[in-house]
Structure formats: structure tokens, C-alpha cells
Amino acid sequence: MDTVVKVTVVYYSATGHVADIAQEIADTAEKAGAEVRLRRVAELAPREVVASQSAWAATAAATAGIPLAAVEDIVWADAVLMGSPTRFGNIAAQLKQFLDTLGGAWRRGELADKIYSGFTSTGSPHGGNESTLLALMQSFHHFGGIVVAPGFTHPDKFVDGNPYGTAHHDAGGTVPVGDVTRNAARVQAERVVRLAKALTAAAL
């Protein structure tokens, strides 16, 4: 009997690019047979600041129906994919704040032995996409997680050019998520689900 794995996709997105990648990953994981929870983290910026920037305000409105991430969503999952835009080569404060709420679950060992993977979006091709993903991996290692990067395991990843995770560059907000990024996200999601199934089946 096929093993059904539980996948949580958690992200922060200001202008919608990371949200688009998160949706692609969630849809692909579901098609691969996983039970999926798509979650966004809470916005920390004041409402007036969000409202003052059209792309930010539009993303907030478009994703308002997606539930906010909770600690239980991570504990529940067999595999977790997290995404954030880069902020000076690191993850956004909004996702970092959510990570900081996981301390209790970490101390109880509830974050260990799960598969983790990351995705990001930057303003330029070399605007911190690799360092942001590596920063996420530091937390995954502290959790005792099993980090599954997509690597150069598929032709679409050679086109995408990032072995650490899925990374889009939006040219300062002017380039939407296209086929290169979506194909890379599918490779990553399918790999995570496949390996999570193998790990879960081996533990039964």
C-alpha cells in the first residue's frame, strides 16, 4: 500500500513571488500523493506600511485566506518546505519570528527526524538566494532535521542553477515567477515527497 506522507509548506511573501512558488510546491506535493498544509506566517510590518506599496498590499489581500502557520503544522508534518524572500542575504524577519516560536517543540524533540527543504526569491540573480537557503538550513540542522536539497538531480535544476533549493530572481519586482522557477519547484517538491515516503515507510 502506498504511504501517504504529510507535507507542510510555510512561507513569507511580500510581493507574491515566494507565495507563487509555495503554491506550486503545495500543488505538486498534493499531485504526488501527499496530504498538504499550505501556511503563511504573520505579517510584522504595520498595516499602513503594507498599504503604501501596491504589490505588498495586493499580495496581502490575495493570500488573506491562507491560514497562518502554527507550531502544530510543523509537528504534524513528515516533511516541511519553508520559503522566504532574501533580506540582505538572510531570511525575512517574519519567517524568523515564526522559527523562534518553535523552541518548545524543538526541546521536546518534535522537530527532529523530519525532511526539510527551502525556497526563496531575490531581486537579482546573485542577490542572496544561495545564502538565504543556507541560512534556512542552519535552523533545519539545529532541529535535527534531514535536509533534502534538490541538487543537480534533474535537467530543470541545471536551468534553474541552484542546487540548494528553488530560487527565483524577480529583477527588482518586475519579473513574475515563470516556467524555469515553476519547473524547479516541481522537481524539489517531487523529490521531497518521494524521499519522505521512503523514510516514512522504513519507519513503519
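Residues numbered from 1 in each chain as written. Predicted model: local features only at pLDDT ≥ 70, side-chain atom pairs only at ≥ 80, totals over all residues. Heavy atoms only, no water.

Student: Got a minute to help me understand the pairing of strand E5 (residues 115–122) in this structure?
Tutor: On a regular strand, one side chain projects to one face of the sheet and the next to the other, so that they alternate. The buried count for E5 comes to eight of eight residues, which makes it a mostly enclosed element. Neither face of E5 is open: one carries Ile 115, Ser 117, Phe 119 and Ser 121, the other Tyr 116, Gly 118, Thr 120 and Thr 122, and all of them are buried. As paired elements, E5 and strand E6 (residues 146–147) share two bridges and run parallel to each other. Considered in E6, the bridge of Ile 115 is made with Ile 146. In terms of strand pairing, E5 meets strand E7 (residues 166–169) through four bridges, oriented parallel. (Buried < 20%, exposed > 50% of the residue type's maximum accessible area, 1.4 Å probe, protein only. Helix = DSSP H or I, 4+ residues; strand = E, 2+ residues; numbered from the N terminus. Pairing = 2+ DSSP bridges.)

Student: I tried to follow the layout of surface pockets on my own but got confused; where do I start?
Tutor: Each pocket or cavity is described by its volume, and for the largest pocket that value is around 290 Å³. Elements with a minimum of two residues in the lining of the largest pocket: helix H7 (129–143), E7 and helix H9 (179–203). Looking at the lining of the largest pocket residue by residue, the class counts come to five nonpolar, 10 polar and three charged. (1 Å grid on protein atoms, 1.4 Å probe; cavity = no way out; pocket = protein on both sides within 12 Å on 5 of 7 lines; lining within 4 Å. Points joined across faces, edges and corners; volume = space filled by probe spheres on them. Nonpolar A, V, L, I, M, F, W, Y, C, P; charged D, E, K, R; others polar.)

Student: Hey, could you run me through unusual backbone geometry in this one?
Tutor: Only a minority of non-glycine residues have a phi that is not negative, and only a minority of peptide bonds are not trans. Phi at Phe 88 is positive, roughly 55°, even though this residue is not glycine. Non-glycine residue Ala 171 carries a positive phi angle of around 50°. Mapped onto the elements of the fold, Ala 171 is located in the loop between E7 and H9. Note on Ala 171: relative accessible area 39%, which makes it partly exposed.

Student: What is the right way to read the packing of helix H1 (residues 17–31) against H9 from this model?
Tutor: When two helices pack together, their arrangement is given by the angle between the helix axes and by the axis-to-axis distance. At a closest axis distance of 8 Å, the pairing of H1 and H9 adopts a crossing angle of 45°. As the angle between them shows, H1 and H9 are arranged oblique. In this structure, H1 meets H9 at a crossing whose hand is right-handed. Here H1 contributes Asp 20, Ile 21, Glu 24, Ile 25, Thr 28 and Ala 29 to the contact with H9, which in turn contributes Thr 181, Arg 182, Ala 185, Arg 186, Gln 188, Ala 189, Glu 190 and Val 193. (Axes fitted to C-alpha atoms, helices over the stretch in contact; angles between N-to-C directions. Parallel < 35°, antiparallel > 145°, perpendicular 65-115°, else oblique. Left-handed = near helix turned anticlockwise from the far one by under 90°. Contact = heavy atoms within 4.5 Å.)

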